[in-house]
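A structural walkthrough
Spelled out from the first residue to the last, the chains are:
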Amino acid sequence: MSFPITPVEGLIAGALAMGFLIAGLFFLKFWRRTGDRLFLAFAAAFGLLAVGNALPVLLGTPHEERGGIYLFRLAAFVLIIVAVLAKNLRRGER
């Protein structure tokens, strides 16, 4: 049985997506200022998290069929982990 997305779920998903986008814009601003690729990776990861929160509402995806949307979250967290590891490995080379 699939349940439609309620207006409250849409509101919360939209607020979360907006928050993720704002955080991504802050990291993008820091990247432009410093040129550090870690900030660029965080901006991209927060963009992916925003897309992952907005897509179920925009597509009207039922709860049971949202498995593929979690790949956006997985990609965001993998991107953060890889960026942090790369930053630490570069620091260790100096």
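Structure's up top.
Treat the numbers as computed from the prediction; the structure is a model and nothing was measured. (Residues numbered from 1 in each chain as written. Predicted model: local features only at pLDDT ≥ 70, side-chain atom pairs only at ≥ 80, totals over all residues. Heavy atoms only, no water.)

Points about the environment of Phe 46
On the secondary structure map, Phe 46 appears in helix α2 (residues 37-59). Residue classification places Phe 46 among the buried positions, given a relative accessible area of 18%. In the structure, Phe 46 is positioned 29 residues away from Ala 17 in sequence and 8.9 Å away in space, judged by C-alpha atoms. Beyond its immediate stretch of four places on either side in the chain, Phe 46 contacts Phe 20, Ala 23, Gly 24 and Phe 27. (Helix = DSSP H or I, 4+ residues; strand = E, 2+ residues; numbered from the N terminus. Buried < 20%, exposed > 50% of the residue type's maximum accessible area, 1.4 Å probe, protein only. Contact = heavy atoms within 4.5 Å.)

Details of the pattern of salt bridges
For side chains of opposite charge, pairing can occur when their charged atoms come near one another. On inspection of all chains with the given rule, the structure shows one salt bridge. Note that Asp 36 is salt-bridged to Lys 87, the shortest N-O span being 2.6 Å. In this pair, Asp 36 is assigned in the loop between α1 (7-34) and α2 and Lys 87 in helix α3 (residues 70-93), connecting sequence segments 51 residues apart. (Salt bridge = Lys/Arg side-chain N within 4 Å of Asp/Glu carboxyl O.)

Quick notes on the layout of surface pockets
Empty pockets left among the atoms are what a rolling probe the size of a water molecule brings to light. By volume, the largest pocket is sized at about 210 Å³. As for the largest pocket, its lining consists of 13 residues, and the residues nearest its centre are Ala 13, Asn 53, Pro 56, Arg 66 and Arg 73. Mapped onto the lining of the largest pocket, the elements with two or more residues apiece are α1, α2 and α3. Partitioning the lining of the largest pocket into residue classes produces eight nonpolar, two polar and three charged. (1 Å grid on protein atoms, 1.4 Å probe; cavity = no way out; pocket = protein on both sides within 12 Å on 5 of 7 lines; lining within 4 Å. Points joined across faces, edges and corners; volume = space filled by probe spheres on them. Nonpolar A, V, L, I, M, F, W, Y, C, P; charged D, E, K, R; others polar.)

Some thoughts on the packing of α1 against α2
Between α1 and α2, the shortest axis-to-axis distance is 8 Å and the interhelical angle comes to 165°. In terms of orientation, α1 and α2 fall into the roughly antiparallel class. As for how α1 packs across α2, the hand of that crossing is left-handed. Tallied by class, the residues present in the contact of α1 with α2 amount to 19 nonpolar, four polar and two charged. (Axes fitted to C-alpha atoms, helices over the stretch in contact; angles between N-to-C directions. Parallel < 35°, antiparallel > 145°, perpendicular 65-115°, else oblique. Left-handed = near helix turned anticlockwise from the far one by under 90°.)

Re the nonpolar core
Soluble globular proteins tend to bury their nonpolar side chains together. Within the largest apolar cluster, nine residues are counted, these being Leu 38, Ala 41, Phe 42, Ala 45, Phe 46, Leu 49, Ala 76, Ile 80 and Ala 83. Counting only elements with at least two residues in this core, the list comes to α2 and α3. No other element matches α2, which puts six residues into this core. The contact partners of Ala 83, leaving out residues within four places of it in the chain, are Leu 38 and Ala 41. (Core = buried A, V, L, I, M, F, W, Y, C linked by side-chain atoms within 4.5 Å.)

Here we look at the side chain of Arg 66
Secondary-structure assignment places Arg 66 in the loop between α2 and α3. Those residues in contact with Arg 66 that lie beyond four places of it in its chain are Ile 5, Pro 56 and Thr 61.

Concerning α1
Under the 1.5 Å per step criterion, the end-to-end length of α1 is 41 Å for 28 residues, consistent within 8% with the ideal 40 Å. Taken together, the buried positions of α1 are Ala 13, Ala 17 and Gly 24. Buried positions along α1 lie against α2. Trailing α1 by a residue or two, Gly 35 shows a phi angle of about 75°, which is positive. (Expected span 1.5 Å × (residues − 1).)

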